[in-house]
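Okay, here's what each chain looks like letter by letter:
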Amino acid sequence: MPSPNRLAPTGAAPAAAHDDVLAHAWSVLESVPDPEIPVVSIRELGILRAVERAQDGTLEVVITPTYSGCPAMAHIAEDVAHALEHAGLTPHRIKTVLAPAWTTDWITDEAREKLRAYGIAPPGGRCASASVAGDEQAIRFMPKAARAVGTPACPHCGSVHTERLSQFGSTACKALYRCLDCREPFDYFKPY
């Protein structure tokens with residue numbers, strides 16, 4: 001079972017934060033948007049992994065990039081620091097962790113709907129196996145044949161009659177698609 005001060009694997013806020021400061025920090029960080037997709041927060045995308053008290057009493061925020069080379073991480077860390085400072089939550093420390101690796105499974109259902117409404121097709125399927133220890137999940141990579149079974153539905157008209165134009169879209173974590181019915185291009189958040 002995850003610590004009550006850690007983010008649950010589903011992306012939900014902690015169920016029972018026994019520390020008012022931690023609860024306030026979660027509330028403050030809930031409003032920090034992703035710099036590349038401002039309609040979703042870093043918590044909804046699963047980038048915000050934990051808010052804890054370190055051994056020295058410092059507030060520690062753990063973030064995980066959507067991929068190891070994500071250029072937005074420095075900006076996200078600055079936004080987190082600014083939000084915490086503005087709320088008077090100091091001292092604090094922001095820690096970027098790469099393991100466990102981020103997965104699109106951490107995107108909340110609410111964020112998936114926000115992505116669709118924003119014109120980005122959310123990732124389909126799930127990539128992680130059942131929970132193995134605490135809130136960490138083993139990621140299984142899907143072979144190309146399994147990924148190619150279906151194409152993403154167009155976020156504009158809902159048609160599944162779509163085609164991939166490029167493996168990379170506006171960011172490396174998205175692919176560029178086009179709907180063959182309404183003819184609109186759209187990004188697809190690739191499942192990882």
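Our subject is the structure listed above.
Because the structure is a prediction, the values reported are computed rather than measured.

**Observations regarding the sheet that holds strand 3 (residues 92-96)**
Now for step 1: Strand order in the open sheet formed by three strands is 1-2-3, with mixed pairing between adjacent strands. Of all strands in the sheet, those with a lone pairing partner are strand 1 (48-53) and strand 3, marking the two edges. On average, each strand axis in the sheet is inclined to that of its neighbour by 20 degrees, with strand direction left out of account.
Now for step 2: The pairing of strand 2 (residues 59-63) with strand 3 spans five bridges and is parallel. Residue pairing for strand 3: Glu-60 is matched across the bridge by Arg-93.
Now for step 3: Most of the contacts of helix 1 (residues 20-29) go to strand 1, to which it runs at about 155 degrees, and overall it touches strand 1 and strand 2.
Now for step 4: Running over the sheet, helix 2 (residues 73-86) touches strand 2 and strand 3 and is turned about 160 degrees from strand 3.

**So, the packing of aromatic side chains**
Now for step 1: Taken as a whole and judged by the stated rule, the model has three aromatic pairs.
Now for step 2: Each ring, one from Trp-102 and one from Phe-189, has its centre 5.9 Å from the other, and the planes form 40 degrees; the classification is tilted. Here the residue Trp-102 occupies a position in the loop between strand 3 and helix 3 (109-118), and Phe-189 occupies one in strand 9 (residues 185-189), the gap between them amounting to 87 residues. Assigned by exposure class, Trp-102 and Phe-189 land together as buried.
Now for step 3: The interplanar angle of 25 degrees and the centroid separation of 5.9 Å between the aromatic rings of Tyr-177 and Phe-186 together place this pair among those described as stacked.
Now for step 4: Judged by relative accessible area, Phe-186 falls into the buried class, the value being 3%.
Now for step 5: The side chain of Arg-49 reaches across the aromatic face of Trp-106, ending 3.6 Å from its centre.
Now for step 6: Above the ring of Phe-189, the side-chain terminus of Lys-174 is found at 5.9 Å from the ring centroid.

**Topic: unusual backbone geometry**
Now for step 1: Here the bond from Thr-90 into Pro-91 is cis, since omega is -5 degrees, no more than 30 degrees from zero.
Now for step 2: The topology assignment puts Pro-91 in the loop between helix 2 and strand 3.
Now for step 3: Phi is positive for Arg-183, which is not a glycine, with a value near 70 degrees.
Now for step 4: A residue is classified by how much of its surface remains accessible, and Arg-183, at 48% relative accessible area, is partly exposed.

**Focus on the nonpolar core**
Now for step 1: By size, the foremost hydrophobic cluster in this structure holds 32 residues, and its most contacted members are Leu-29, Ile-47, Leu-48, Val-51, Ile-76, Leu-84 and Phe-189.
Now for step 2: Contributing elements (two or more residues each) for this core: helix 1, strand 1, strand 2, helix 2 and helix 3.
Now for step 3: In this structure, Ala-121, Ala-175, Tyr-177 and Tyr-188 belong to the second largest nonpolar core, which totals seven residues.

**Let's talk about the pairing of strand 2**
Now for step 1: Burial within strand 2 is extensive, with five of its five residues counted as buried.
Now for step 2: The alternating pattern of strand 2 places Leu-59, Val-61 and Ile-63 on one face and Glu-60 and Val-62 on the opposite face, and all of these are buried.
Now for step 3: Summarising the sheet, strand 1 and strand 2 pair through five bridges and their orientation is antiparallel. The partner of Ala-50 across the bridge, within strand 2, is Val-62.
Now for step 4: Between strand 1 and strand 2, which follow one another and run antiparallel, lie five residues, and Gly-57 among them has a positive phi close to 90 degrees.
Now for step 5: You can see the chain leave strand 2, run along helix 2 and come back into strand 3, and the turn it takes is right-handed.

**Points about the pattern of salt bridges**
Now for step 1: Evaluated as defined, the whole model comprises nine salt bridges.
Now for step 2: Note that Asp-56 and Arg-93 form a salt bridge whose closest N and O atoms lie 3.4 Å from each other. Separated by 37 residues along the polypeptide, Asp-56 in the loop between strand 1 and strand 2 and Arg-93 in strand 3 bring together distant segments of the chain.
Now for step 3: What makes Arg-93 partly exposed here is its relative accessible area of 33%.
Now for step 4: Across the pair Glu-110 and Lys-114 runs a salt bridge whose closest N-O atoms are separated by 3.8 Å. Of this pair, Glu-110 and Lys-114 both sit in helix 3, four residues apart, which is roughly one turn of that helix.
Now for step 5: With relative accessibility at 30%, the residue Lys-114 sits in the partly exposed group.

Procedures and definitions
- Counting of residues starts from 1 at the beginning of each chain's written sequence and follows it residue by residue.
- Thresholds applied to this predicted model are a pLDDT of at least 70 for local features of residues and 80 or more for the giving and counting of side-chain atom pairs; totals over whole chains, interfaces and linings are not thresholded and use all residues.
- Only hydrogens and water are removed before side-chain values are computed, so all heavy atoms of the structure are retained for them.
- In this description, strands pair whenever DSSP reports at least two bridges between them.
- Here a helix means four or more residues in a row that DSSP labels H or I, a strand means two or more in a row labelled E, and each is numbered from the N terminus.
- Here the axes come from fitting lines to C-alpha atoms, over the contacting stretch only for helices, and the angles between their N-to-C directions go from 0 to 180 degrees.
- In this description, contact between two residues means that some pair of their heavy atoms is separated by no more than 4.5 Å.
- Stacked, tilted and edge-to-face are the three classes applied to pairs of Phe, Tyr and Trp rings, where Trp contributes its six-membered ring and a pair requires centres within 6.5 Å; stacked means planes under 30 degrees apart, edge-to-face means over 60, and tilted covers the rest.
- Think of it in three bands: residues with accessible area under 20% of the maximum for their type are buried, residues over 50% are exposed, and the middle band is partly exposed, with areas taken using a 1.4 Å probe on protein chains only.
- Ring-over charges, as used throughout, are those where CZ of Arg or NZ of Lys falls within 6 Å of the ring centre and within 35 degrees of the ring normal.
- We call a set of buried residues a nonpolar core when its members are Ala, Val, Leu, Ile, Met, Phe, Trp, Tyr or Cys and they connect through side-chain atoms within 4.5 Å of each other.
- Handedness is read with the strands pointing away from the viewer; a crossover is right-handed when the path from the first strand over the helix to the second is clockwise.
- By definition, a salt bridge exists where a carboxyl oxygen of Asp or Glu is found within 4 Å of a side-chain nitrogen of Lys or Arg.

Don't take any of this as a statement about function, it's just geometry.
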